[in-house]
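# Breakdown of the fold
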Amino acid sequence: MATDLIIIKFGGSLITDKSKSCTPNIDAIQKICKLVSKLNSLEKKVIIVHGAGSYGHIKAKKWRLSEGLIPNLKNQLSGLNEVREDMKTLNDLIVSYMKENSIDVSTYRPHEHGKGIGINYKFSKLFDEMVTSKNTPIVYGDVVESDCEGNFGILSGDDICEILTRRYSPKHVIFAIDGADGILEDPKSNHGSIIKKYALGTKINTIDVENDVTGGMKLKILRASNCLELGSRVSIINGNYIEMILNSILGLDYLGTEFIL
């Protein structure tokens, strides 16, 4: 695999308004396109992972999709299909902006090509082909079939980052978030200092986010820590400042959290 392979996960709260169902953040999406275009010009191979935000979490919570099949919950399967269609709509929107910026992309829809919940999801060989092609691969958090026939569950974007790190050993894994410049020392404070160097295993406080069905910051830190242990460099950065993401990739000073052993 290319030594300059980079995985960037753009959080759902960054690319959508998570408080309003199916509402994109066009400004953030356009910034992401500029970043990817710049990285392509620098001959960096990028895998894009994106979250669901308001296209997935609100309805997923309503229909309790993270709990799997609930036989007595009327219309749950219809809700599942709605979420999958909404996620396709969000991804199609992102792809359209990528194409406007002359970025050739290939989309992998997890529920169509593999199965397994969370970290147990198994990618098909199709994704290997996408990674070795000249196109930029895009994959997103989804509602997927479990290994038990007839059941399903959530595959989060953070899960995907660890799965792909195990598969491809990227040089750098970046979690681009919204609302903070990195991991906060005190997440309950709007003016809390960020942890610039996060030592593996350090206990920190996290807060629950409304409508989140994928584990929030707690899961993100777990998956990021695992990526570090697998040998990749790992950062959490405010995705609204693409220059900070670029700086981190280029080895320059940046505002964010760097994971260290």
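Our subject in this report is the structure included herewith.

Parameters and conventions
- Residues numbered from 1 in each chain as written.
- Predicted model: local features only at pLDDT ≥ 70, side-chain atom pairs only at ≥ 80, totals over all residues.
- Heavy atoms only, no water.
- Helix = DSSP H or I, 4+ residues; strand = E, 2+ residues; numbered from the N terminus.
- Buried < 20%, exposed > 50% of the residue type's maximum accessible area, 1.4 Å probe, protein only.
- Contact = heavy atoms within 4.5 Å.
- Salt bridge = Lys/Arg side-chain N within 4 Å of Asp/Glu carboxyl O.
- Lys, Arg positive; Asp, Glu negative; His and termini not counted.
- Polar contact = N/O pair within 3.5 Å; in protein donor to acceptor, adjacent residues only side chain to side chain.

### A word on the environment of Ala 199
Mapped onto the elements, Ala 199 comes out in strand β8 (residues 197-199). Taking C-alpha positions, Ala 199 is 35 Å from Lys 125, a pair spaced 74 residues apart along the chain.

### Quick look at helix α9 (residues 242-250)
Inspection of α9 places Ile 242, Ile 245, Leu 246, Asn 247, Ser 248 and Ile 249 among the buried residues, and these make up the whole buried set. Turning to α9, the residues buried within the fold contact β1 (6-10), α2 (26-41), β7 (172-177) and β9 (233-238). Note on α9: the residue one or two positions beyond its end, Gly 251, has a positive phi of about 80 degrees.

### Concerning the pattern of salt bridges
One pass over the full model with this rule turns up 16 salt bridges. As a salt-bridge pair, Asp 128 and Arg 167 come within 2.9 Å of each other at their nearest N and O atoms. Note that Asp 128 is positioned in helix α6 (residues 125-132) and Arg 167 in helix α7 (residues 157-168), a separation of 39 residues in sequence. In this structure, Glu 162 and Arg 166 form a salt bridge, with 2.8 Å as the shortest nitrogen-oxygen distance. Of this pair, Glu 162 and Arg 166 both sit in helix α7, four residues apart, which is roughly one turn of that helix. Members of the salt-bridge network, linked through shared partners, are Asp 159, Glu 162, Arg 166 and Arg 223.

### A word on the side chain of Asp 142
Relative to the helices and strands, Asp 142 resides in strand β5 (residues 142-145). With no salt bridge to any partner, buried Asp 142 finds its closest opposite charge in Arg 84, at an N-O distance of 4.6 Å. Within the structure, the side chain of Asp 142 is placed 2.8 Å from the side chain of His 111, a separation counted as a polar contact. Setting aside its immediate chain neighbours within four residues, Asp 142 contacts Arg 84, Arg 109, Pro 110, His 111, Gly 153, Ile 154 and Leu 155.

Nothing here speaks to function; it is all geometry.
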